[in-house]
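# Understanding the architecture of this molecule
In case you want the letters, here they are:
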Amino acid sequence: EDKVVQSPLSLVVHEGDTVTLNCSYEVTNFRSLLWYKQEKKAPTFLFMLTSSGIEKKSGRLSSILDKKELFSILNITATQTGDSAVYLCAVETNYGGSQGNLIFGKGTKLSVKP
Amino acid sequence: DVKVTQSSRYLVKRTGEKVFLECVQDMDHENMFWYRQDPGLGLRLIYFSYDVKMKEKGDIPEGYSVSREKKERFSLILESASTNQTSMYLCASSLFQGADEAFFGQGTRLTVV
């Protein structure tokens, strides 16, 4: 059965700290891995990763995928209170010649204290 | 564990057909959401519901309607399917208001031909 496991489940840090969130997966027919920041109305898309070893960056956030070891990390540097959220990892799978389904992890709840 | 179940994983429908996507959650959550996921666009909110028989439009409600007759079930309806509605559809539910701690279903890949 396909699964996505995120760790830790929750994390409390202070402003200015750097955090690393982990996502490991076991799926058949991997297509891509996505990171989202869960917010009030809808999760905000952060990154889509398809190739191993290529870091994607957006401001203080960065992410990388390791397709050999089947995991991804999301780094947040110089954390701010506005970074407090649940961070979701999802893996998209292929099905035959078409795009497949999204399998979500349970999320990591990040709390950033002033 | 919370379980959010979408009735179909893969659907192929013809243009103009009426399409029903069903979602059921088993944790007595008040709030339910329908999203679509398209490459490069992330998740976009179509409709959400904070209570039985209550619905609110999300960011992209055009061409869709919803029904919530029972607390555990939230249906997304495409009144007349079009090819631009080919997408991955995701249902979610949450206990507290807002999607920030929502649980997701496995998705329905809809292809409109």
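Preceding this paragraph is the structure being described.
Residues numbered from 1 in each chain as written. Chains lettered and ligands numbered in written order. Predicted model: local features only at pLDDT ≥ 70, side-chain atom pairs only at ≥ 80, totals over all residues. Heavy atoms only, no water.

A few words on the packing of aromatic side chains. All names here are of chain B. All told, the structure shown has nine aromatic pairs over all chains when counted by the stated rule. Centre to centre, the rings of Tyr35 and Phe104 are 5.8 Å apart; their planes meet at 35°, and the pair counts as tilted. Placement of the pair is Tyr35 in strand 4 (residues 31-38) and Phe104 in strand 10 (residues 103-104), with a sequence separation of 69 residues. Grouping residues by exposure puts Tyr35 and Phe104 together as buried. (Phe/Tyr/Trp six-rings, centres within 6.5 Å; stacked < 30°, edge-to-face > 60°. Helix = DSSP H or I, 4+ residues; strand = E, 2+ residues; numbered from the N terminus. Buried < 20%, exposed > 50% of the residue type's maximum accessible area, 1.4 Å probe, protein only.)

All right, on to the pattern of salt bridges then. Two side chains carrying opposite charge are able to pair once their charged atoms lie near each other. Taken as a whole and assessed by the stated rule, the structure comprises 11 salt bridges over all chains. Among the charged side chains, a network of salt bridges with common partners joins Arg31 and Glu92 of chain A together with Arg109 of chain B. (Salt bridge = Lys/Arg side-chain N within 4 Å of Asp/Glu carboxyl O.)

Residues and elements named next belong to chain A. With respect to the helices and strands, Thr44 occurs in strand 5 (residues 44-49). Given the relative accessible area of 30%, Thr44 is considered partly exposed. Expressed as a C-alpha distance, the spacing of Thr44 and Leu88, which sit 44 residues apart in the sequence, is 9.7 Å. Excluding residues within four positions of it along the chain, Thr44 makes contact with Trp35, Tyr36, Lys37 and Glu39. (Contact = heavy atoms within 4.5 Å.)

Regular strands place side chains that alternate from one sheet face to the opposite one. Residues and elements named next belong to chain B. Counting buried positions along strand 11 (residues 108-112) yields four of five residues, so the element is predominantly enclosed. As paired elements, strand 2 (residues 10-13) and strand 11 share four bridges and run parallel to each other. Looking across to strand 11, one finds that Val12 is bridged to Thr111. Direction of pairing for strand 9 (residues 87-94) relative to strand 11: antiparallel, over a ladder of three bridges. Within strand 11, the residue paired with Met88 across the bridge is Arg109. (Pairing = 2+ DSSP bridges.)

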